[in-house]
Amino acid sequence: MNAAGRLRARPLVRFALLLAPAGGRLGLGALGRVFAELSGLGLMATAAWLIARAAQRPSIEALGLAIVAVRAFALSRGVFRYAERLVSHDAALRALAELRTAVFRALIPHVPGPRAPRGGEALNRVVSDAEAIQDLVVRCVIPYLAAMAVSAVAVTLSAVILPVAGVILAAGLLLAGGLAPVLTGVAWRRSGRLIAPVRDRLAVQHVDLLHGAADLAVFGATGRALAEADRTAAELAALERRAGRVSARAAAACLVLQGLTTAAVTAVALQASAAGRIDPVLVAVLALVALTAFEPVAPLPAVAQRAVEISAAARRVLAVLDLPAPQGPREPAADPPHGPVAVTARDLRVRYDEDRPPALDGVSLRLRPGRRTVLVGPSGSGKSTLVAALLGLVRPESGAVLLGEVDLRRLDDAQLRDRVAAVTQDDHVFHTTLRENLLLARPEATDAELRAALRAAGLLDWVDALPDGWNTLAGEEGARMSGGQRRRLALARALLADPPVLLLDEPTEGLDPRTADALLADVLAATENRTTLLVTHRLAGLAAADEVVVLEAGRVVQRGAPAELAAVPGRYRELCEAERLGRRAERVPGTV
């Protein structure tokens with residue numbers, strides 16, 4: 001295995017490398033924690049010596065240095081602990097923000113798509129799994145370094161005072177800080193393999209319950225969905241209780257080792273004191289040093305447990321970051337096209353599954369500058385796949401898409417998004433004001449430009465009539481707007497971005513016929529003189545389109561002006577006849 005392969009096989013190492021930009025802050029945080037723990041050890045050792053020596057009633061001058069040392073260690077422990085928390089959390093939170101941005105950016109080209117995780121799983125990748133990088137620093141690396149430093153100093157100090165005490169302490173710390181974490185990690189790894197998929201399943205069910213509450217209620221399925229989520233939650237709770245018992249046993253084992261080691265060190269110290277080999281005052285020092293040395297070591301089984309969880313989370317996050325680009329490796333074009341531009345698909349072949357027919361089978365298409373092309377066809381004919389290919393969201397098995405004379409694979413995402421925008425049936429409306437929803441497309445847009453975009457989308461009169469106007473909240477996912485208003489807002493946002501090429505994928509899907517017809521008319525009017533591809537299953541009202549392309553089974557079967565296609569036998573006229581019959585049936589009571 002080469003170096004790259006070995007690195008890929010070690011998710012924790014790759015995860016740690018993501019922290020490299022914050023290495024200076026993390027080093028300071030680790031030093032702060034080490035000094036805080038050493039101050040605690042020094043405090044207990046000095047205090048033990050002071051109390052035991054004071055029992056012998058020496059002069060106050062003999063105790064002066066110890067008194068000052070106790071105060072210094074007590075104050076410095078708090079200062080170092082505060083500094084460690086401040087610096088390490090700052091570095092970890094900065095790294096977390098960078099990682100979440102990277103994960104979100106990696107998901108964008110694949111959503112929607114066959115490689116993308118489902119909503120709840122994607123949420124876990126961005127939120128809980130990404131938080132693992134914070135815990136890797138704060139709960140794993142820094143505590144481990146502090147435990148090692150304190151153990152080394154404690155063993156050395158004990159060995160200097162009484163060698164056999166140092167050996168006993170070293171053995172106890174090795175068992176508590178070495179064997180117990182290893183056994184905990186092994187046991188937790190088995191549980192973690194079961195917990196992670198159940199946690200993902202529960203997240204998906206929660207998202208489905210929240211977003212599908214209305215549909216579940218309509219079909220009377222709310223109870224079943226809640227019961228399924230409850231069963232998953234109970235399964236997760238049982239697995240976590242089982243894993244929790246592992247942690248509890250490890251913690252108990254560390255406490256037992258701490259007590260046995262302290263008792264053994266105290267016993268040999270008392271024997272050495274009775275034999276006159278060490279000062280009686282040092283018995284108390286050795287006992288409290290042994291007791292205190294276990295404080296940073298006792299959490300190490302929990303550190304091992306969290307490291308196993310972080311390793312699994314790192315694999316999931318890195319799987320997202322390692323997703324191949326939909327169009328494969330790209331080299332930025334030296335001169336990306338500007339202004340009105342044509343889009344050309346040449347012999348496109350796209351296949352989602354090797355065992356299934358291709359979604360697109362040799363499609364060739366040219367969107368001419370300033371012309372509106374309408375793509376129609378039955379469900380499953382490949383219309384949305386063609387839009388995804390034109391947006392660079394799917395990788396063709398063969399063929400190419402050209403923007404002007406430049407292959408899409410030579411454009412990076414920013415260059416492509418500046419020149420091609422899309423409006424889909426699932427465009428998101430954010431839970432903020434109408435103004436903020438529009439300004440996503442162009443933050444520097446003026447009020448006049450916002451009004452022009454809304455006027456073109458047929459939404460200006462409605463906004464002007466609202467009591468709060470621009471500052472009206474759209475609601476979560478546009479809940480305070482009708483379906484037609486949400487689609488018009490998405491269209492206005494795309495028009496405000498003013499891309500040379502605009503792709504509209506089923507903008508009237510799910511709307512009632514009157515609203516859909518009105519929106520379709522406004523779409524065709526708003527996109528005049530703009531390179532546009534409109535995907536729709538509605539054929540009425542397409543007279544204003546410049547060209548219609550009929551897609552069936554992943555192939556182009558007809559193309560031409562709407563009036564020309566309607567006048568000759570063919571698939572387009574069949575679809576028009578079927579739509580007219582469907583509308584006539586809707587108007588006749590009692591028909592289906």
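Residues numbered from 1 in each chain as written. Predicted model: local features only at pLDDT ≥ 70, side-chain atom pairs only at ≥ 80, totals over all residues. Heavy atoms only, no water.

The name that an unreviewed UniProt entry assigns to the chain is Thiol reductant ABC exporter CydC subunit, with the source organism given as Thermomonospora cellulosilytica.

A. Region of interest: the pattern of salt bridges. Per the stated rule, a full pass over the model turns up 22 salt bridges. Asp90 serves as the salt-bridge partner of Arg25, at 3.1 Å between the closest nitrogen and oxygen. With Arg25 in helix α3 (residues 23-54) and Asp90 in helix α4 (residues 60-107), this pair connects stretches of sequence that are 65 residues apart. Classification of Arg25 as partly exposed rests on a relative accessible area of 33%. Between Arg77 and Glu295 there is a salt bridge, with the nearest N and O atoms lying 4.0 Å from each other. Of this pair, Arg77 sits in helix α4 while Glu295 sits in the loop between α10 (281-293) and α11 (300-321), and the two are 218 residues apart along the sequence. The exposure class of Arg77 is partly exposed, given its relative accessible area of 32%. (Salt bridge = Lys/Arg side-chain N within 4 Å of Asp/Glu carboxyl O. Helix = DSSP H or I, 4+ residues; strand = E, 2+ residues; numbered from the N terminus. Buried < 20%, exposed > 50% of the residue type's maximum accessible area, 1.4 Å probe, protein only.)

B. A look at the side chain of Thr385. When you line up the elements, Thr385 lands in helix α12 (residues 383-390). In this structure Thr385 touches Val350, Tyr352, Ala359, Leu360 and Val394, once residues within four positions along its chain are discounted. (Contact = heavy atoms within 4.5 Å.)

C. Just the nonpolar core, in detail. Of all hydrophobic cores here, the largest spans 54 residues; its most connected members are Leu19, Val137, Leu162, Leu169, Ile278 and Leu286. At 11 residues, helix α6 (residues 132-161) tops the list of elements feeding residues into this core. With near-sequence residues (within four places) excluded, Leu286 lies in contact with Ser158, Ile161, Leu162, Ala165, Val265, Ala269 and Ile278. By size, the runner-up hydrophobic cluster in this structure holds 44 residues, among which are Val429, Leu439, Ala526 and Leu575. (Core = buried A, V, L, I, M, F, W, Y, C linked by side-chain atoms within 4.5 Å.)

D. Quick peek at the sheet that holds strand β10 (residues 555-560). The strand order β6-β7-β8-β3-β9-β10 describes an open sheet built from 6 strands, whose pairing is mixed. Looking at the sheet topology across the chains shown, the edges are occupied by β6 (420-424) and β10. Across the sheet, the mean angle separating the axes of adjacent strands is 20 degrees when strand polarity is ignored. Summarising the sheet, strand β3 (residues 372-376) and strand β8 (residues 531-535) pair through 4 bridges and their orientation is parallel. Looking at β8, one finds that Thr373 is bridged to Leu533. (Pairing = 2+ DSSP bridges. Axes fitted to C-alpha atoms, helices over the stretch in contact; angles between N-to-C directions.)

E. Summary view of the packing of aromatic side chains. Counting across every chain of the model gives 1 aromatic pair. For the ring pair Phe35 and Phe80, a centre distance of 5.3 Å and an interplane angle of 45 degrees mean the geometry is tilted. Pair noted here: Phe35 is in helix α3 and Phe80 is in helix α4, with a separation of 45 residues, a long-range link. For Phe80, a relative accessible area of 30% puts it in the partly exposed group. (Phe/Tyr/Trp six-rings, centres within 6.5 Å; stacked < 30°, edge-to-face > 60°.)

F. Representation of the pairing of β8 within the structure. Counting buried residues in β8 gives 5 out of 5 residues, a clear majority hidden from the surface. Side-chain alternation along β8 places Thr531, Leu533 and Val535 on one buried face and Thr532 and Leu534 on a second face that is also buried. With 5 bridges joining them, strand β7 (residues 501-505) and β8 adopt parallel strand pairing. By the bridge assignment, Leu502 is partnered in β8 with Thr532.

G. Representation of the packing of helix α15 (residues 447-456) against helix α17 (residues 483-497) in the model. Contact pair α15 / α17: the axes reach a minimum separation of 8 Å and the direction vectors enclose 130 degrees. One element, α15, and the other, α17, form an angle in the oblique class. In the crossing of α15 with α17, the sense of the turn from one axis to the other is right-handed. Across from Glu449, Leu450, Ala453, Leu454 and Ala456 in α15, the residues of α17 making contact are Ala492, Leu495 and Leu496. Along the lines of polarity and charge, the residues of the contact of α15 with α17 split into 7 nonpolar, no polar and 1 charged. (Parallel < 35°, antiparallel > 145°, perpendicular 65-115°, else oblique. Left-handed = near helix turned anticlockwise from the far one by under 90°. Nonpolar A, V, L, I, M, F, W, Y, C, P; charged D, E, K, R; others polar.)

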